[in-house]
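Now for the letters of each chain:
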Amino acid sequence: MITVKNLNKWANAHTYLTLDFVRIALGVFLFFKGVNFITNIQYLVDLISPIDQIGGGMFLIHYIAPAHMVGGIMIAFGLLTRWAIIAQLPILMGAILVNFMGEMHSQNLLLAIVILLFCIFFLFYGSGKHSADYYFKMNK
């Protein structure tokens, strides 16, 4: 708990509007990716088919799209950002894994790696000063 408080203090002292826009863009991207998966469910089924042999394919289908949509909204608004990103990490690691187990799509692999790196950054950085978390913390 002390580490999270120290990270929040550091992030609030070193906040930049550009980082807030990057966090918002990350959240909007994840939200629209979730909407894309919901509207084109066969695409999602085809994507996870290489790891469907492990089991849990139906669980993955019902976890990925809602986690992207709800997590994207939470990340964009800066509400419980770290928790929302923790929910995204297994999906993004699975997206990278799918490229190595199935057919390699270099664009999808690069996109998954970049989004994973942004998520890891915001996992440590937090939501920043221009977020719902900061607003609620200041108006206790």
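Residues numbered from 1 in each chain as written. Predicted model: local features only at pLDDT ≥ 70, side-chain atom pairs only at ≥ 80, totals over all residues. Heavy atoms only, no water.

### Some details on the packing of helix α5 (residues 81–101) against helix α6 (residues 106–125)
At step 1: The contact between α5 and α6 brings their axes to 9 Å, and the two run at 155°. One element, α5, and the other, α6, form an angle in the roughly antiparallel class. Of the two elements, α5 crosses α6, and the hand of that crossing is left-handed. Where α5 abuts α6, its residues Arg-82, Ile-85, Ile-86, Gln-88, Leu-89, Leu-92, Ala-95, Ile-96, Asn-99 and Phe-100 lie against Asn-108, Leu-109, Ala-112, Ile-113, Ile-115, Leu-116, Cys-119, Ile-120, Phe-122, Leu-123, Phe-124 and Tyr-125.
At step 2: Taken together, the residues that form the contact of α5 with α6 break down as 18 nonpolar, three polar and one charged. (Axes fitted to C-alpha atoms, helices over the stretch in contact; angles between N-to-C directions. Helix = DSSP H or I, 4+ residues; strand = E, 2+ residues; numbered from the N terminus. Parallel < 35°, antiparallel > 145°, perpendicular 65-115°, else oblique. Left-handed = near helix turned anticlockwise from the far one by under 90°. Contact = heavy atoms within 4.5 Å. Nonpolar A, V, L, I, M, F, W, Y, C, P; charged D, E, K, R; others polar.)

### Points about the nonpolar core
At step 1: Within the largest apolar cluster, 16 residues are counted, with the highest numbers of intra-cluster contacts made by Leu-26, Ile-75, Ile-85, Leu-89, Ile-115 and Cys-119.
At step 2: Within the residue set of this core, elements represented by two or more residues are α2 (17–39), α5 and α6.
At step 3: No other element matches α6, which puts eight residues into this core.
At step 4: Ignoring sequence-local partners within four residues, the contact set of Ile-115 consists of Leu-26, Phe-29, Leu-30 and Leu-92.
At step 5: The next biggest cluster of nonpolar side chains, apart from the first, holds eight residues, and it includes Phe-37, Ile-48, Ala-67 and Ile-91. (Core = buried A, V, L, I, M, F, W, Y, C linked by side-chain atoms within 4.5 Å. Buried < 20%, exposed > 50% of the residue type's maximum accessible area, 1.4 Å probe, protein only.)

### Some words on the pattern of salt bridges
At step 1: Per the stated rule, a full pass over the model turns up one salt bridge.
At step 2: The residue Asp-20 makes a salt bridge to Arg-23 at a minimum N-O spacing of 3.6 Å. You can see Asp-20 and its partner Arg-23 sitting in helix α2, three residues apart, about one turn around the helix.
At step 3: Since its relative accessible area comes to 2%, Asp-20 is described here as buried. (Salt bridge = Lys/Arg side-chain N within 4 Å of Asp/Glu carboxyl O.)

Purely spatial values, then, with no claim about function.
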